[in-house]
Amino acid sequence: MKSLATATLPQTMDRVAFSRLVLEHHRPLLAYARVLAGPSQRAEEIVQDTFVAAWQAVGKFDITRDFGAWLRGIARNKWKDQCRMHRREIPLDEETLGRLEEAMHRWSGPEGEPELLSRLADCRRKLPDLLAQAVREYYFRADDGDTAAEALGIPPATLRKRLERARQALRQCLENHRS
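What comes next concerns the included structure. The shown structure was predicted, so the numbers you read here are calculated from the model rather than taken from an experiment. (Residues numbered from 1 in each chain as written. Predicted model: local features only at pLDDT ≥ 70, side-chain atom pairs only at ≥ 80, totals over all residues. Heavy atoms only, no water.)

**Quick notes on the nonpolar core**
At step 1: Phe67, Trp70 and Leu71 are the most contacted members of the largest nonpolar core, which has 23 residues in total.
At step 2: Elements with a minimum of two residues in this core: helix 2 (15-37), helix 3 (41-57) and helix 4 (67-85).
At step 3: Here the element with the most residues in this core is helix 2; it accounts for eight residues.
At step 4: When near neighbours in sequence (up to four residues on either side) are disregarded, Trp70 contacts Ala54, Ala57, Val58, Phe61 and Arg65.
At step 5: Counting 16 residues, the second largest nonpolar core, distinct from the first, contains Ala132, Ala148, Ala149 and Leu174. (Core = buried A, V, L, I, M, F, W, Y, C linked by side-chain atoms within 4.5 Å. Buried < 20%, exposed > 50% of the residue type's maximum accessible area, 1.4 Å probe, protein only. Helix = DSSP H or I, 4+ residues; strand = E, 2+ residues; numbered from the N terminus. Contact = heavy atoms within 4.5 Å.)

See the structure below:
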């Protein structure tokens, strides 16, 4: 299923139209990059580099294709480039990348990403304070678990347990929303 952006992609791309697409695809692309690179500044750099590369190559984009999938392909290549530059990192295998792409594609369906992210935000607001703080610090502020734990003044093991409980609560909330 094509995203709304694909259906309304103009034959010629100007800055305003591209800016609208950036706004529409920024959150899901950042989520994708965070899966690839972890909750770090690198994920944001991958997204920025992806949008720059997309703007430079937008004339080559086939408007019959899914714009979000095209962006994710660019992001995946940017991430692989970073993995090659930083050899200590272990990239995800192609099978895992394929499953991730399938999940992202499902999100961009008619009841996909905007609805799912909206439901996830609702569920996040329902988390108990301690779990919500752990999620906020780890996923939105810190580069790693140790930094997040230090900011919260708790041991890293406590942070990991809170995040596990938060993910479980979010999963349950999303499943309840779906039915």
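**Overview of the pattern of salt bridges**
At step 1: Summed over the entire model, instances satisfying the criterion amount to three salt bridges.
At step 2: Across the pair Lys161 and Glu164 runs a salt bridge whose closest N-O atoms are separated by 3.5 Å. Of this pair, Lys161 and Glu164 both sit in helix 9 (residues 156-178), three residues apart, which is roughly one turn of that helix.
At step 3: Exposure remark for Lys161: the relative accessible area of 37% places this residue in the partly exposed category.
At step 4: What makes Glu164 partly exposed here is its relative accessible area of 42%. (Salt bridge = Lys/Arg side-chain N within 4 Å of Asp/Glu carboxyl O.)

**Some details on the packing of helix 7 (residues 129-141) against helix 8 (residues 145-152)**
At step 1: Packing of helix 7 against helix 8 leaves a shortest axis separation of 9 Å and a crossing angle of 135°. In terms of orientation, helix 7 lies oblique with respect to helix 8. Considering the relative orientation of helix 7 and helix 8, their crossing is right-handed. Taking contact as the criterion, the partners of Gln133, Ala134, Glu137 and Tyr138 in helix 7 are, on helix 8, Gly145, Ala148, Ala151 and Leu152. (Axes fitted to C-alpha atoms, helices over the stretch in contact; angles between N-to-C directions. Parallel < 35°, antiparallel > 145°, perpendicular 65-115°, else oblique. Left-handed = near helix turned anticlockwise from the far one by under 90°.)

**Comments concerning the state of the cysteines**
At step 1: Enumeration over the complete set of coordinates arrives at one disulfide.
At step 2: There is a disulfide in this structure between Cys123 and Cys173, and the S-S distance comes to 2.1 Å. Here Cys123 and Cys173 share a disulfide; its torsion about the S-S bond, -80°, makes the bridge left-handed. Of this pair, Cys123 sits in helix 6 (residues 113-125) while Cys173 sits in helix 9, and the two are 50 residues apart along the sequence. (Disulfide = S-S within 2.5 Å.)

The values are spatial; any link to function lies outside them.
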